[in-house]
Amino acid sequence: MAEEMKILVVDDEERIRRLLRMYLEREDFIVEDAENGETALDMAINKDYDLILLDLMMPGVDGIEVCEEIRGKKATPVIMLTAKGEESNRVQGFESGADDYIVKPFSPREVVLRVKALLRRSSQTKFLETETSTKDMLVFPHLTIDNDAHRVTTNNEEISLTPKEYELLHYLAQSPDKVFAREQLLKDVWNYEFFGDLRTVDTHVKRLREKLSKVSPEAADMISTVWGVGYKFEANPE
């Protein structure tokens, strides 16, 4: 599964970079690393990685800024590494576009498992790109979601989504016209329960709409805001 897959590890602690590299290389991943946000950003933008492990708290350019810059240009899956107790920072991490987070101190084996799990869900993973016919599809007038390949197309053009953007869209589209509260979306899509800022959902919906609208405004309009409650997917918007 990990053959030829390249991972960028970003952390200002050499010990952590060395530990993650050792465990990931054992699984045949190709690993590159960066010790600060500036270097990480340059590498992430100018090279292609299958996944980025990104420390949230770094001197200078932190993980939030790096993730936001990456999201403006690429859909590379990102797992944020956060220190225990940084609840508000983890929320910021999701808002900036992170797909998952792991709390320090962590088990390197857990990191490997989470990396593999996210790659399975990733819309950019090579092993999911298959030419065989698929049955697990959601087809709408302006949008097609191929869940076997984690591929979204509109107007015959594929939309590049992050794993979390894809999961959010697929979750909504599975139940057309059903209204989902933000709290429920956080619980079911992010597997994350907390009381507080719900901008994580709003930020991802906004990005999702922007990406769809560049190709098909009709597809973007299918994600409808239900004011005071949350969102719903309209199969046939007016």
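First things first, this report covers the structure right here in the doc. (Residues numbered from 1 in each chain as written. Predicted model: local features only at pLDDT ≥ 70, side-chain atom pairs only at ≥ 80, totals over all residues. Heavy atoms only, no water.)

### Looking at unusual backbone geometry
Then step 1. In this structure, Pro105 follows Lys104 across a cis peptide bond, with omega equal to -5°.
Then step 2. Within the secondary structure, Pro105 is located in the loop between β5 (100-104) and α5 (108-121).
Then step 3. At Asp28, a residue that is not glycine, the phi angle is positive and equals roughly 70°.
Then step 4. Along the chain, Asp28 turns up in the loop between α1 (14-26) and β2 (30-34).
Then step 5. Judged by relative accessible area, Asp28 falls into the exposed class, the value being 56%.
Then step 6. Its identity as a non-glycine residue notwithstanding, Asp177 has a phi of 70°, on the positive side.
Then step 7. As for its placement among the helices and strands, Asp177 is situated in the loop between α6 (163-173) and β10 (180-181). (Helix = DSSP H or I, 4+ residues; strand = E, 2+ residues; numbered from the N terminus. Buried < 20%, exposed > 50% of the residue type's maximum accessible area, 1.4 Å probe, protein only.)

### Points about helix α7 (residues 182-189)
Then step 1. What α7 keeps buried is the set Arg182, Leu185, Leu186 and Val189. Down the axis of α7, the buried side of the element spans an arc of 100°, and every buried residue falls inside it.
Then step 2. Here the buried face of α7 lies against α6, β10, α8 (199-213) and β12 (230-233). (Arc of directions from axis to C-beta. Contact = heavy atoms within 4.5 Å.)

### A word on the pattern of salt bridges
Then step 1. Evaluated as defined, the whole model comprises 21 salt bridges.
Then step 2. With a closest N to O distance of 3.8 Å, Lys164 and Glu167 form a salt bridge. Of this pair, Lys164 and Glu167 both sit in helix α6, 3 residues apart, which is roughly one turn of the helix. Across this residue pair, the class does not change: Lys164 and Glu167 are buried.
Then step 3. One salt-bridge network, held together by shared partners, links Arg17, Arg21, Glu25, Asp33 and Glu35. (Salt bridge = Lys/Arg side-chain N within 4 Å of Asp/Glu carboxyl O.)

### Points about the sheet that holds strand β3 (residues 51-55)
Then step 1. The strand order across the open sheet built from 5 strands is β2-β1-β3-β4-β5, with neighbouring strands paired in parallel fashion. Strands with a single pairing partner mark the edges of an open sheet, and in this sheet they are β2 and β5. Taking each pair of neighbouring strands and ignoring which way they run, the sheet shows an average axis angle of 20°.
Then step 2. Most of the contacts of α1 go to β2, to which it runs at about 170°, and overall it touches β1 (6-10), β2, β3, β4 (78-83) and β5.
Then step 3. Across the sheet, helix α2 (residues 37-46) lies against β1, β2 and β3, angled at about 140° from β2, the strand it touches most. (Pairing = 2+ DSSP bridges. Axes fitted to C-alpha atoms, helices over the stretch in contact; angles between N-to-C directions.)

### Some points on the nonpolar core
Then step 1. Ranked by internal contacts, the top residues of the largest apolar core, which has 52 residues, are Ile52, Leu54, Leu143, Leu169, Leu185 and Phe233.
Then step 2. Ranked by the residues each element gives to this core, the list is headed by α6, at 6 residues.
Then step 3. Per-domain counts for this core show at least three residues from each of domain 1 (6-124) and domain 2 (137-233).
Then step 4. Among all residues touching Leu54, those that are not within four sequence positions of it are Val10, Gly63, Val66, Cys67, Val78, Ile79, Met80 and Leu81.
Then step 5. If you look at the next biggest cluster of nonpolar residues, it comprises 20 residues, including Leu20, Tyr23, Ile102 and Leu119. (Core = buried A, V, L, I, M, F, W, Y, C linked by side-chain atoms within 4.5 Å. Domains from an automatic or database assignment.)

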